[in-house]
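Working through the structure, step by step
For reference, the chains in residue letters:
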Amino acid sequence: MIDLKYLEKNFDEASAKLAKKGVDLTILDELKVQFAMLKEAKQSFEDKRAMQKSLSKEFGAYKAQGKDITELKYKLDKLKEAATLLEQKANSIEDELAKKALVIPNFPYDVVPNGESEDDNIEIKKILTPQEFNFTPKEHWELAEINSWIDFTRGVKLAKSRFALLQNRAAKLERALINFFLDKNTKAGFNEVSPPILNNSKMLQGTGQLPKFEDDLFKIEGEDLYLIPTAEVPLTNIFNDEILQDSELPVLLTAATPCFRKEAGSAGRDTRGIIRQHQFDKVEMVAIVKPEQSDEIFEMMVKNASDILTELGLPHRLVELCGGDLGFSAARTIDLEVWLPGQNQYREISSVSIMSDFQARRAKIRYKDGKKNLLTHTLNGSALAVGRTIVAIMENYQQEDGTIETPEALKPYLNR
RNA sequence: GGACAGUUGGGUGAGUUGGCUGAAACCACACCCCUGCUAAGGGUGCGUACUCGAAAGGGUACCGAGGGUUCGAAUCCCUCACUGUCCGCCA
């Protein structure tokens, strides 16, 4: 959630920032007005309630002394009625305000370039040069067919469209990659955990998926539980409603989990292959940090993800997302895009973001700074998306006959 | 899933014949004093959030969540969630 006090005090500046993200600014005016109304309503309720409470104390004394209480009771009844009314008014303003505030996206950082869509993103640098093939490289689904790595038909039979069945060496490769990624992240200082992959609505709200993006989530019927769309949700919310000691920070966590997304709104996109599935494995990095630590940790996370790709021999590039392409909770994001020779283009394989204090405010993640409790910053990034890494290996390591070689770095993980 | 018990501040844990309790005590933590050497003693402070105030200091809400009774509820009633134990089931 954005800082409403900041919005109140620096309205124009806040508006300019959100405009960069393409927010309809009329909602901000409403927010500002309602925020002022809420303060006033709360104040008048609290004044009445204070009066009621202090008189109520006398009530006990009166009774003990055997004094007549009918007049006092009459006054108290009136006060109670008035206070309750004022309370309801304040509550309804607060509810409305919360409803609106929860769907306002995070403020982007100043370094974020202007732009409306992914076409306006800015390439920062390329790492490794794509190799020249002396044949026409195939797309990964053709290779999957030739090597019998992926059974798309039966995946759909078992579940529905956008589900696939990895088999043979692809299944082994998936497991090897998860281990490889976790080992790399551990070496980079991240602590491995294995969280629940069903989380409740409070957690989904904490990281920003709810209430606005409910349609993207798979929900368990009859339960307040959702399949997580990313391990960012459980990892970040480990500290939901907690106050950390400042000596504990930064907290660096990594986990390999399946992720589940409905992909609502991406009908027709990437329907072939396993680029966009309802279920996919991903190894995630999450950091809970003091605000002054977040830039440094961010660079470290980007480098870690990039180094892993380099070690796998996969050409990739770093892309700074523009305001319009930035996610709801993100203040700044760098995407890592891997080269896919079959598709002849770079495709996202990791996304590393600073959420500033946006998630921390929603999830109430704080730390002790002397006597004060301050909001932490949260960051997350993939290192890496497993399915897309398999795609990248298939396309980059393909031979003319359609067979696929194994990257050197993975051999220790596959030959056992 | 069934039966019983419980859910209080960072931790342990009082308080459940309604008002003197936002909350004893102890531990932990912070600062100070004494002392000096890898101990101990003494003092003070210490829940969270919002809000008024320059500050000192006030106000309101929160004792698992939500609702109810009452002038007044951590304390009484209802619903739900969770934890523990026993039974059942099971990887």
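As the structure is a prediction and not an experimental result, all values here were calculated from the model.

1. Quick look at the protein's contact with RNA strand B
Contacts to RNA strand B come from 22 residues, most closely from Gln43, Lys53, Phe59, Lys73 and Asn373. For RNA strand B, the fraction of protein-proximal atoms (within 4 Å) that sit in sugar or phosphate groups is 71%. Those elements that provide at least two residues to the surface near RNA strand B are α3 (26-64), α4 (70-101) and β13 (365-369). Residue contributions to the surface near RNA strand B peak at 12 residues, all from α3.

2. Focus on the nonpolar core
One finds Leu177, Phe181 and Leu312 to be the most contacted residues of the largest nonpolar core, which totals 53 residues. Looking at this core, the element that brings in the most residues is helix α7 (residues 169-187), giving 8 residues. The contact partners of Phe181, leaving out residues within four places of it in the chain, are Val283, Ile308, Leu312, Ala383, Leu384, Val386 and Thr389. Counting 22 residues, the second-largest nonpolar core is a separate cluster that includes Leu4, Phe11, Phe328 and Phe358.

3. Digging into the layout of surface pockets
The volume enclosed by the second largest pocket comes to roughly 650 Å³. Lining the second largest pocket are 23 residues; nearest its centre among them are Met1, Ile2, Arg361, Arg362 and Lys364. For the lining of the second largest pocket, the secondary structure elements donating two or more residues are α1 (4-9), α3, α4, α8 (201-207) and α11 (358-363). Its residues assigned to classes, the lining of the second largest pocket comprises 11 nonpolar, 3 polar and 9 charged. A domain split of the lining of the second largest pocket shows at least three residues from each of domain 1 (4-101) and domain 2 (118-414).

4. Description of helix α5 (residues 140-147)
Regarding α5, the residues found buried are His140, Trp141, Leu143 and Ala144. Viewed along the axis of α5, the buried residues span an arc of 160°, placing them on a single side of the element. Against the buried residues of α5 lie β2 (150-151), α6 (152-158) and α12 (386-396). Two residues or fewer after α5 comes Ser148, characterised by a positive phi angle close to 55°.

Reading the values: rules and limits
- Residues numbered from 1 in each chain as written.
- Chains lettered and ligands numbered in written order.
- Predicted model: local features only at pLDDT ≥ 70, side-chain atom pairs only at ≥ 80, totals over all residues.
- Heavy atoms only, no water.
- Near = heavy atom within 4 Å.
- Helix = DSSP H or I, 4+ residues; strand = E, 2+ residues; numbered from the N terminus.
- Core = buried A, V, L, I, M, F, W, Y, C linked by side-chain atoms within 4.5 Å.
- Buried < 20%, exposed > 50% of the residue type's maximum accessible area, 1.4 Å probe, protein only.
- Contact = heavy atoms within 4.5 Å.
- 1 Å grid on protein atoms, 1.4 Å probe; cavity = no way out; pocket = protein on both sides within 12 Å on 5 of 7 lines; lining within 4 Å.
- Points joined across faces, edges and corners; volume = space filled by probe spheres on them.
- Nonpolar A, V, L, I, M, F, W, Y, C, P; charged D, E, K, R; others polar.
- Domains from an automatic or database assignment.
- Arc of directions from axis to C-beta.

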